[in-house]
Amino acid sequence: MSPADPNHPNEAARLTQELLDAGYTKRQVAGMLGRDASLVSQFFTKGKGAAFVNALRQLVRAVRGGERDEEALSGIAEANTKRRTTKTGQKARVRGKDVIGTPGGSMAGRAGKQAIKSGAAHLAGVIHAAAAADGRVALTVRMLSRCFTLSAGSRQDSPGIRRGVVPRADGTQERTYGSAATGGFPATEWSQRVAASHGDVVHAVLTWLVETGRATEDAEIVYLEIRTWTPTGHQTSEVLIG
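Going along each chain's sequence as written, the residues are numbered from 1 onward. pLDDT decides what is reported in this predicted model: residues at 70 or higher carry local features, side-chain atom pairs at 80 or more are listed and counted, and totals for whole chains, interfaces and linings draw on all residues regardless. Processing note: side-chain calculations cover all non-hydrogen atoms of the structure and skip hydrogens and water entirely.

J.: Can you walk me through the pairing of strand β5 (residues 221-229) in this structure?
T.: Two faces make up the sheet, and in a regular strand the side chains alternate between them. A large share of β5 lies buried, amounting to eight of its nine residues. Relative to β5, strand β2 (residues 136-144) runs antiparallel, the two sharing eight bridges. Opposite L139, over in β5, you have I226 as the bridge partner. When accessible area is computed with a 1.4 Å probe and restricted to protein chains, residues below 20% of their type maximum are described as buried, those above 50% as exposed, and intermediate ones as partly exposed. Helix numbering and strand numbering both begin at the N terminus, where a helix is a DSSP run of H or I of at least 4 residues and a strand a DSSP run of E of at least 2. Here, strands pair whenever DSSP counts at least two bridges between them.

J.: I tried to follow unusual backbone geometry on my own but got confused; where do I start?
T.: Leaving glycine out, the prevailing phi sign among residues is negative, and the prevailing peptide bond configuration is trans. You will see that A120, though not glycine, has its phi angle at about 50°, which is positive. By secondary structure assignment, the location of A120 is in the loop between α6 (113-117) and α7 (124-132). Even without glycine at this site, D134 takes up a positive phi of about 55°. Looking at the secondary structure, you find D134 in the loop between α7 and β2. Look at D134 and you get partly exposed, because its relative accessible area is 45%.

J.: How do you make sense of the environment of R35 when you look at a structure like this?
T.: Relative to the elements of secondary structure, R35 occurs in the loop between α2 (26-33) and α3 (37-45). Polar contact criterion, stated in full: a pair of N or O atoms within 3.5 Å, where within protein one must be able to donate a hydrogen and the other to accept it, and residues adjacent in sequence count only if both atoms are side-chain atoms. Engagement of the side chain of R35 in a polar contact is seen with the backbone oxygen of L33, the distance being 3.5 Å.

J.: Explain the pattern of salt bridges here, please?
T.: Note that side chains of opposite charge can pair when their charged atoms are close. Salt bridge, as applied in this entry: a Lys or Arg side-chain nitrogen positioned within 4 Å of an Asp or Glu carboxyl oxygen. Tallying each qualifying case throughout the model produces ten salt bridges. Of the charged contacts in the structure, one is a salt bridge between R193 and E211, with a shortest N-O distance of 3.3 Å. Of this pair, R193 sits in helix α8 (residues 187-196) while E211 sits in helix α9 (residues 201-211), and the two are 18 residues apart along the sequence. A relative accessible area of 56% places E211 in the exposed class. E225 is the salt-bridge partner of R227, the closest N and O atoms lying 3.3 Å from each other. Considered together, R227 and E225 belong to a single accessibility category, that of buried residues. Residues joined in a network through salt bridges with shared partners are E11, R14 and R57.

J.: When you look at the side chain of S191 in this model, what are you seeing that I'm missing?
T.: Along the chain, S191 turns up in helix α8. You can call S191 buried: its relative accessible area is 15%. A polar contact is formed between the side chain of S191 and the side chain of H128, at a distance of 2.7 Å. Contacts of S191, omitting those with residues within four sequence positions, involve I127, H128 and A131. A contact between two residues is defined here by any heavy atoms of the two lying within 4.5 Å.

J.: Is there a simple way to think about the packing of α8 against α9 in this case?
T.: Between two packed helices, both the angle of their axes relative to each other and the distance between the axes serve to describe the pair. To obtain each axis, a line is fitted to C-alpha atoms, and for helices this fit is confined to the stretch in contact; angles are then taken between N-to-C directions over 0 to 180 degrees. In contact at an axis separation of 8 Å, α8 and α9 are set at 110° when each is read in the N-to-C sense. Put simply, α8 runs roughly perpendicular to α9. By crossing handedness, the relation of α8 to α9 is classed as right-handed. Facing W190, R193 and V194 of α8, the residues of α9 in contact are V201, A204, V205, W208 and E211. Polarity classes work like this: nonpolar for Ala, Val, Leu, Ile, Met, Phe, Trp, Tyr, Cys and Pro, charged for Asp, Glu, Lys and Arg, and polar for all others, with Gly in that last group. Looking at the contact of α8 with α9, its residues break down into six nonpolar, no polar and two charged. Each angle gets one of four labels, with under 35 degrees taken as roughly parallel, over 145 as roughly antiparallel, 65 to 115 as roughly perpendicular, and the rest as oblique. When the near helix sits turned anticlockwise from the far one by under a right angle, the crossing is termed left-handed; a clockwise turn instead gives a right-handed crossing.

J.: What's the story with the environment of F43 in this structure? I'm lost.
T.: With respect to the secondary-structure elements, F43 resides in helix α3. Leaving out residues up to four positions away in the same chain, F43 has contacts with N10, A12, A13, T16, L33, K48, G49, F52 and L56.

J.: It is not clear to me how the confidence of the model for the protein chain should be interpreted in this structure. Could you clarify?
T.: Low pLDDT means the predicted atomic positions in that stretch should not be read closely. Across the protein chain, pLDDT averages 79, with 79% of residues at or above 70. The predictor's confidence in any single residue is recorded as pLDDT, a number from 0 to 100. Per-element averaging of pLDDT across the protein chain places strand β1 (residues 106-111) at the bottom with 73 and α9 at the top with 95. A low-confidence stretch, residues 90-104 (pLDDT under 50), is modelled with 41 contacts involving residues beyond four sequence positions or located in other chains. pLDDT under 50 marks residues 234-242. Its contacts with residues more than four places away, or in other chains, come to 29 contacts.

Here you go:
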C-alpha cells in the first residue's frame, strides 16, 4: 500500500482533511504550520507530513473545541512542531518568534483577536500543565497605549525586564511580564487565577493587570501570549495545547 494511497491516507493527510472539512484551505493550514502550501498538498500526494502529525492533532483538537482564530492556531502549531535536527543531532535553527526555553521543557501559546473574544480558553491547559510540573509562567500583553497606567519599560511595570516598548501604528503597545532571566511567575498562582476566572485566561490576566496597578479598569487585551517552562532540576513534562 502506497503511503499516498487516496483510499488510505496517512495520519497527516487525515488530520489535514479534518481541518479542510472544518472550512480551512490548504493554504491556511500551511500558514498555521509555518510552511508552504505545496508541502501540505504533498501530505496527500506523496505521503509526507509525519513531522507535523502532533501539531495537526493539536490543531484539530483546538478547532473541535471552538477555536477559529488563525493567529492562535498558528501559535498552537508552532509549539507542537518537532524541530528537525542537524547531522550532529542538534536542533536546527529556524526562523520565527523565539519561545522561552530553559532546561526542563517549555511551551507557549498565543491568542489573537478571535480567541480573545472567547477568553483564550485554549491557553488554560498550558498554565494548568505547567502548574502540575511546578513550572513558571511569563506573559506578553498587547493593549491600546492608554490602557497601560505605568510608563513603558519602567521597573515598576516589568521588574528585571529592561527593554524599549515601541508604539505601534495602531496605537497599541506590547509589554512582557516575567522571563526566564527573572524567574517568571509561579505557574501554581496563575493556575489558581485561571480557575477563579472559570477558565477565562483573558479575564485572569486583565484582573491581574488591574489589581497590580498596571492597567486601567476599562482595559482590553488585543493579543496575548503565554509562555511556560520547567526550571532546571524539575521533571520535564509534555504540555498539550488545545
